[in-house]
Amino acid sequence: MKKIYLTTLVLLIVSCATYKPKYAEEFSGQSVDSNKEAIHTFYLIGDAGLSPIGGMNPVLKSFKSTLDAAPSNSTAIFLGDNIYPAGLPDKKDSTKAYIE
């Protein structure tokens, strides 16, 4: 009797599965208003790596060159942990390290 219940359960689960996405209309690959200009552009960067003091690593240099060419209606957002290597030093314990 357990085999019948198990078989029924498996068939019920498999028969309810959908393997193809369902859309109201088929997607043509082009946006409806492809000729419109962007109102605002966002540039996101996360975990850009350790940079030398007073300098920039190659990732940040590339990001800066992209931002230099960006339109004025753009915003750069830094994501994630951008403090290296062991976080922000405590101001009370090491004033010099905190300032650096």
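Data block above holds the structure.
The sections below set out a description of the structure shown in this document.

The rules we used
- Residues numbered from 1 in each chain as written.
- Predicted model: local features only at pLDDT ≥ 70, side-chain atom pairs only at ≥ 80, totals over all residues.
- Heavy atoms only, no water.
- Core = buried A, V, L, I, M, F, W, Y, C linked by side-chain atoms within 4.5 Å.
- Buried < 20%, exposed > 50% of the residue type's maximum accessible area, 1.4 Å probe, protein only.
- Helix = DSSP H or I, 4+ residues; strand = E, 2+ residues; numbered from the N terminus.
- Contact = heavy atoms within 4.5 Å.
- Salt bridge = Lys/Arg side-chain N within 4 Å of Asp/Glu carboxyl O.
- Expected span 1.5 Å × (residues − 1).
- Phe/Tyr/Trp six-rings, centres within 6.5 Å; stacked < 30°, edge-to-face > 60°.

**Quick notes on the nonpolar core**
Right, on to step 1. Of all hydrophobic cores here, the largest spans six residues; its members are Tyr43, Ile45, Ala48, Leu60, Phe63 and Ala70.
Right, on to step 2. Of all the secondary-structure elements, those providing two or more residues to this core are strand 1 (41-46) and helix 2 (58-68).
Right, on to step 3. Sequence-distant contacts of Phe63, that is, excluding residues within four places in its chain, are made with Tyr43, Leu44, Ile45, Ala76 and Phe78.

**Notes on the pattern of salt bridges**
Right, on to step 1. Across all of its chains, the model carries one salt bridge by this definition.
Right, on to step 2. Note that Asp68 is salt-bridged to Lys64, the shortest N-O span being 3.1 Å. With Asp68 and Lys64 both in helix 2 and four residues apart, the pair spans about one turn of that helix.

**Description of the environment of Ile39**
Right, on to step 1. Checked against the element boundaries, Ile39 lands in the loop between helix 1 (2-15) and strand 1.
Right, on to step 2. A relative accessible area of 76% means that Ile39 is categorised as exposed.
Right, on to step 3. In the structure, Ile39 is positioned 34 residues away from Asn73 in sequence and 7.3 Å away in space, judged by C-alpha atoms.

**Focus on helix 1**
Right, on to step 1. Here helix 1 contains 14 residues, and its C-alpha end-to-end distance of 20 Å stays within 8% of the 20 Å for a straight helix at 1.5 Å per residue.
Right, on to step 2. Of all 14 residues that make up helix 1, zero are buried, and the element is exposed over most of its length.

**Some remarks on the packing of aromatic side chains**
Right, on to step 1. This structure, assessed with the given rule, holds one aromatic pair.
Right, on to step 2. Seen from their ring centres, Phe63 and Phe78 are 5.7 Å apart, and the 80 degrees between their planes marks the pair as edge-to-face. Highlighted residues: Phe63 in helix 2 and Phe78 in strand 2 (residues 74-79), separated in sequence by 15 residues.
Right, on to step 3. Overall, the relative accessible area of 11% leaves Phe63 in the buried class.
Right, on to step 4. Overall, Phe78 belongs to the partly exposed group, its relative accessible area being 47%.

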